[in-house]
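If you want the building blocks of each chain, they are given just below.
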Amino acid sequence: MKALVVKDLHKSFGNVRAVVGFTLEMEEGEFVTLLGPSGCGKTTVLRTVAGFEKADKGEIYIFGKLSNDIPPEKRDVGMVFQNYALFPNMTVAQNIAFSMMIRKEPQDKIKKRVGELLELVQLSGLENRYPHQLSGGQMQRVALARALAKNPKILLLDEPLSALDAKVRQQLRGEIRKLQMKLGITTLFVTHDQEEALTMSDRIVVMKDGVIQQIGSPRQIYDDPINPFVAHFVGTSSFLEGEMLDGKIFIWKDERFEVRKSKVKNGKALMVLRPTHLKMVKDEENVPDGSNVMKGRVSLVTFLGSVVRVHVMIKEEEILVEMPSEDFWGFKEGDEVIVYFSPDFPLVFPKEQNIQ
Amino acid sequence: MRKSEKRWNIIAHIILIVFSFIILAPILWTIRTSFATDVIAYEIPPRFFFKPTIKNYINILVENNFIRHFKNSFVVSLSSTLISIPIASLAGYAFARYNTGGERLKFTVIATQMLPPIVLVIPLFAIYMKFHLVNTLHGLTISYLAFNLPFLIWILMGFFEGIPKELEEAALIDGATPLKAFLKIVFPISAPGIMAAAVLSFIMCWNEFLFALVLTGASSATIPVALAALQTQRGVLIGKLSAGVVMAIAPIVILSLFIQKYLVKGLSFGAIK
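Residues numbered from 1 in each chain as written. Chains lettered and ligands numbered in written order. Predicted model: local features only at pLDDT ≥ 70, side-chain atom pairs only at ≥ 80, totals over all residues. Heavy atoms only, no water.

Novice: Explain the overall build of chain A to me, please; I cannot follow it from the model alone.
Specialist: Counting its secondary structure elements, chain A contains eight helices and 21 strands. Each principal axis of the C-alpha atoms in chain A carries an extent, and together these give about 75 × 45 × 35 Å. Here chain A holds 356 residues, and 53% of them are scored as buried. A fraction of 67% describes how many contacts in chain A between residues 6 or more apart in sequence connect residues 24 or more apart. Across chain A, the centroid of the 48 positively charged side chains sits 7 Å from that of the 48 negatively charged ones. (Helix = DSSP H or I, 4+ residues; strand = E, 2+ residues; numbered from the N terminus. Buried < 20%, exposed > 50% of the residue type's maximum accessible area, 1.4 Å probe, protein only. Contact = heavy atoms within 4.5 Å. Lys, Arg positive; Asp, Glu negative; His and termini not counted. Charge placed at Lys NZ, Arg CZ, Asp CG, Glu CD.)

Novice: Would you take a moment to explain helix α9 (residues 178–207) of chain B for this structure?
Specialist: In an α-helix, one full turn covers 3.6 residues, which means residues spaced three or four apart are oriented alike. Compared with an ideal rise of 1.5 Å per residue, which puts 30 residues at 44 Å, α9(B) spans 38 Å between its outermost C-alpha atoms and falls more than 12% short. B:Ala191 marks the point of greatest bend in α9(B), at about 55°, and the proline B:Pro192 comes within the next four residues. (Expected span 1.5 Å × (residues − 1). Bend = angle between axes of the 7 residues up to and from the residue.)

Novice: Just to check I follow, could you spell out the sheet that holds strand β15 (residues 267–273) of chain A for this structure?
Specialist: In a beta sheet, neighbouring strands pair by backbone hydrogen bonds and run either parallel or antiparallel. Across the sheet, which stays open at both edges, the six strands sit in the order β13-β12-β11-β15-β21-β14 (chain A) with mixed pairing between neighbours. Each edge of the open sheet is held by one strand with a lone partner, namely β13 (255–258) and β14 (261–262) of chain A. (Pairing = 2+ DSSP bridges.)

Novice: Please explain the pattern of salt bridges as it appears in this structure.
Specialist: Pairing between side chains of opposite charge can happen when their charged atoms approach one another. Residue and element names in this part refer to chain A. Evaluated as defined, the whole model comprises 32 salt bridges over all chains. For Lys54, the salt bridge identified is with Asp69, shortest N-O distance 2.9 Å. Pair noted here: Lys54 is in the loop between α1 (42–50) and β4 (57–62) and Asp69 is in the loop between β5 (65–66) and β6 (77–80), with a separation of 15 residues, a long-range link. When sorted by exposure, Lys54 lands in the same class as Asp69, which is exposed. One salt bridge in this structure joins Asp335 and Lys282, with 3.9 Å as the shortest N-O distance. One end of the pair, Asp335, is in the loop between β19 (317–324) and β20 (336–341); the other, Lys282, is in the loop between β16 (279–281) and β17 (292–303), with 53 residues separating them in the sequence. Taking the relative accessible area as the measure of exposure, Asp335 reaches 12% and is therefore buried. Look at Lys282 and you get partly exposed, because its relative accessible area is 43%. If you follow the salt bridges from partner to partner, you end up with Lys2, Glu25 and Glu27 in one network. (Salt bridge = Lys/Arg side-chain N within 4 Å of Asp/Glu carboxyl O.)

Novice: Would you take a moment to explain the packing of aromatic side chains for this structure?
Specialist: The geometry of two aromatic rings is summed up by the distance between their centres and the angle between their planes. Going through the model one piece at a time under the given rule, you end up with 17 aromatic pairs over all chains. Taking the centre distance of 4.8 Å and the plane angle of 55° together, the rings of B:Phe147 and B:Phe211 count as tilted. Taken together, the residues span a long stretch of sequence, with B:Phe147 in helix α7 (residues 137–161) and B:Phe211 in helix α10 (residues 210–215) at a distance of 64 residues. Given a relative accessible area of 24%, B:Phe147 falls into the partly exposed group. The ring of A:Phe87 is capped by A:Arg146, whose NZ or CZ atom sits 4.5 Å from the centre of that ring. Directly above the aromatic system of B:Trp29 lies the positively charged group of B:Arg32, at a separation of 4.1 Å from the ring centroid. (Phe/Tyr/Trp six-rings, centres within 6.5 Å; stacked < 30°, edge-to-face > 60°. Lys NZ or Arg CZ within 6 Å of the ring centre and 35° of its normal.)

Novice: Explain the interface of chain A and chain B to me, please; I cannot follow it from the model alone.
Specialist: As a measure of interface size, the accessible area lost when the parts come together is often cited. The interface of chain A with chain B comprises 25 residues on the first partner and 23 residues on the second. Carbon and sulfur atoms make up 68% of the surface buried where chain A meets chain B, a total of about 2100 Å² over both sides. The interface formed by chain A and chain B holds two salt bridges in total. The partner of B:Glu169 in a salt bridge is A:Arg47, and the shortest N-O contact between them spans 2.6 Å. Each residue belonging to the side of chain A that touches chain B can be placed in one class, and the counts come to 16 nonpolar, four polar and five charged. (Buried area = accessible area lost by both parts, 1.4 Å probe. Nonpolar A, V, L, I, M, F, W, Y, C, P; charged D, E, K, R; others polar.)

Novice: Where do I start with the domain arrangement of chain B in this structure?
Specialist: Splitting chain B by domain gives domain 1 (3–55) and domain 2 (65–229). Here the C-alpha centre of domain 2 of chain B lies 36 Å away from the C-alpha centre of domain 1 of chain B. (Domains from an automatic or database assignment.)

Novice: What should I look at first to understand the sheet that holds β16(A) in this one?
Specialist: All names here are of chain A. Read across the sheet, five strands follow the order β16-β20-β17-β18-β19 without closing on themselves; strand pairing throughout is antiparallel. If you trace the sheet from one side to the other, it starts and ends with β16 and β19, each paired once. Pairwise comparison of adjacent strand axes, ignoring direction, gives a mean angle of 45° for this sheet. In this sheet, β20 lies alongside β17 in antiparallel orientation, the contact comprising six bridges. Bridge assignment links Lys295 to a residue of β20, and that residue is Ile338. (Axes fitted to C-alpha atoms, helices over the stretch in contact; angles between N-to-C directions.)

Novice: Sorry, what's going on with the environment of A:Lys65 here?
Specialist: Residues and elements named next belong to chain A. With respect to the helices and strands, Lys65 occurs in strand β5. Remark: the alpha-carbon pair of Lys65 and Phe345, spanning 280 residues in sequence, is separated by 44 Å. With near-sequence residues (within four places) excluded, Lys65 lies in contact with Ile60 and Ile70.

Novice: Whenever I open this one, the side chain of B:Arg97 confuses me. Can you help?
Specialist: All names here are of chain B. Assignment of secondary structure puts Arg97 in helix α4 (residues 66–98). A polar contact is formed between the side chain of Arg97 and the backbone oxygen of Ile163, at a distance of 2.6 Å. Leave out the neighbours within four places in its chain, and Arg97 touches Phe160, Ile163, Pro164, Lys165 and Glu168. (Polar contact = N/O pair within 3.5 Å; in protein donor to acceptor, adjacent residues only side chain to side chain.)

Novice: How should the pairing of β19(A) be read in this particular structure?
Specialist: Along any regular strand the residues' side chains alternate between the sheet's two faces. All names here are of chain A. Here strand β18 (residues 307–314) runs beside β19; their pairing, made up of eight bridges, is antiparallel. Bridge pairing links Val310 to Val321 in β19. Taking the residues that link successive antiparallel strands as the turn, the β18-β19 hairpin has two residues, and the phi of Lys315 there is positive, at about 50°.

Novice: Where do I start with the nonpolar core in this structure?
Specialist: Nonpolar side chains in soluble globular proteins tend to be buried together. Grouped together as the largest cluster of nonpolar side chains are 62 residues, with contacts concentrated most on A:Leu4, A:Phe22, A:Leu156 and A:Leu188. The leading source of residues in this core is α9(B), at eight residues. Aside from chain neighbours lying at most four places away, what touches A:Leu156 is A:Leu46, A:Val49, A:Ala50, A:Val77, A:Gly78, A:Met79, A:Val80 and A:Leu188. If you look at the next biggest cluster of nonpolar residues, it comprises 35 residues, including A:Val92, A:Leu117, A:Leu134 and A:Met139. (Core = buried A, V, L, I, M, F, W, Y, C linked by side-chain atoms within 4.5 Å.)

Novice: Could you clarify how one ought to interpret the pairing of β15(A) in this entry?
Specialist: All names here are of chain A. β15 sits mainly inside the fold: five of its seven residues count as buried. Examined bridge by bridge, strand β11 (residues 238–245) and β15 share seven bridges and lie antiparallel to one another. Among the inter-strand pairings, Glu241 is bridged to a residue of β15, identified as Leu270.

Now the structure itself:
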């Protein structure tokens, strides 16, 4: 049985169409991320699954049960909110125990479960603190423990990491994913951060203006984006506007590139180049045969730790090239360079598809 | 602390002391007069040191029936507060969370406060005559209720709006019904705010003069009305009046200390995020 089925979901707020024809099926134990810019409807989908919003049209099945008219308190889901939403008048232990207290479970059972959960989120010893005495990362761990306390069938995470510092965010990212795999809990995660989506998910749903753009594994989304928007939103890319000839040759300014993956046969087209697909050398003799070649001048070199990103000006367009730090040969601003790429890499889309 | 900072600090304090004194002087003088005999009270130039007497307090309580007026004030202020707070809480909550009636209803509620009370007091008196509500404590309570509710609704609405919606949603998703979420989460968190609003309502009723003057009679007069009555044809009974004023202020001063504590507590709960 599917853990969650959302079928043709529609939701508008006044004149704003927040979600249009959203359909998704989730397997049990799967981690699915809704990814998109703010206002793309991803949070509305999550809130409709939680029961906070009513669908205008469409059905939501939670483990086979039609749930459209079930109020949030009767749905078997747990949720973690962006701003933690811990009850400020209760201690950590009371917060975590809240759902069990509502169900009037015996005290000793509650105490045992709270202890287990605190250990799970590595906060043992803090049960008597109040939320305002905790750091952001600790608060979000408590919120996670509280959401897991009632053993929900589905866990909903609404941008749980976006209010945290970069360091804590990265750490918690890994922890949440490990915890999710350990418990095998079906999880629907909402974020606008592509890195979170790529690192944590089994599958990613990329959304824009309430419409699903693409559903796929992180690898599929990154390597084989379905349109320029997905390519632009997930990962870094350079875009070249040109013209396709016979589905094989891409003409950009006065350059001709051979390409193998084009969605256009003839006419105006947009080529997507990932910085990692591009290579850079000083002399033309080092370029492998059959590569597409461009000449340019380095305008900026930025060091990102494990990789170095070089901005190269080619015919008044800035193109990004990334290479592992250890392969970086010390190009500097102003150097004349040769950039090349294999015909296998670039994707070509029809021009009318917008990246924004 | 640097020298110039220190000097500014001293100047600031001198200014503050002067203004505090300007505000406090009449009150202090009233307190002083309340312990003086009429002879000393009217003496010019005034005497600062004299043997204090509590005769004014005894006289006003016994001769002028102030125990009764105190009771009246207390009954009216307390009952209108106790009735208005639950109504205002629920109304404010509905406005804040469900936007009941939209912006227009919110505005209408506050718009009732824009009429000067004096416009309403005569028609109200005529209506009260018909319903035999003049010179009754419940009549006065009803009028206070009507005039305090919009104000309290707005105060509490602002307070509820400050409580993140996610807190209730978190309670709902954890299995609480909407009523339970209100009672277990929203109510405890907003208790300081509700308490502050209650104290404010009490103070407004306690100090109200115009409606009390028109709608009450000798037996139902509240403190402000009774104090005004001390301006007699034989002149102002300054000793008694002072004693009455001091007694009228006392409960408010005590309440103000309470409200301060709750306001501070209310602010510290701002750390919800």
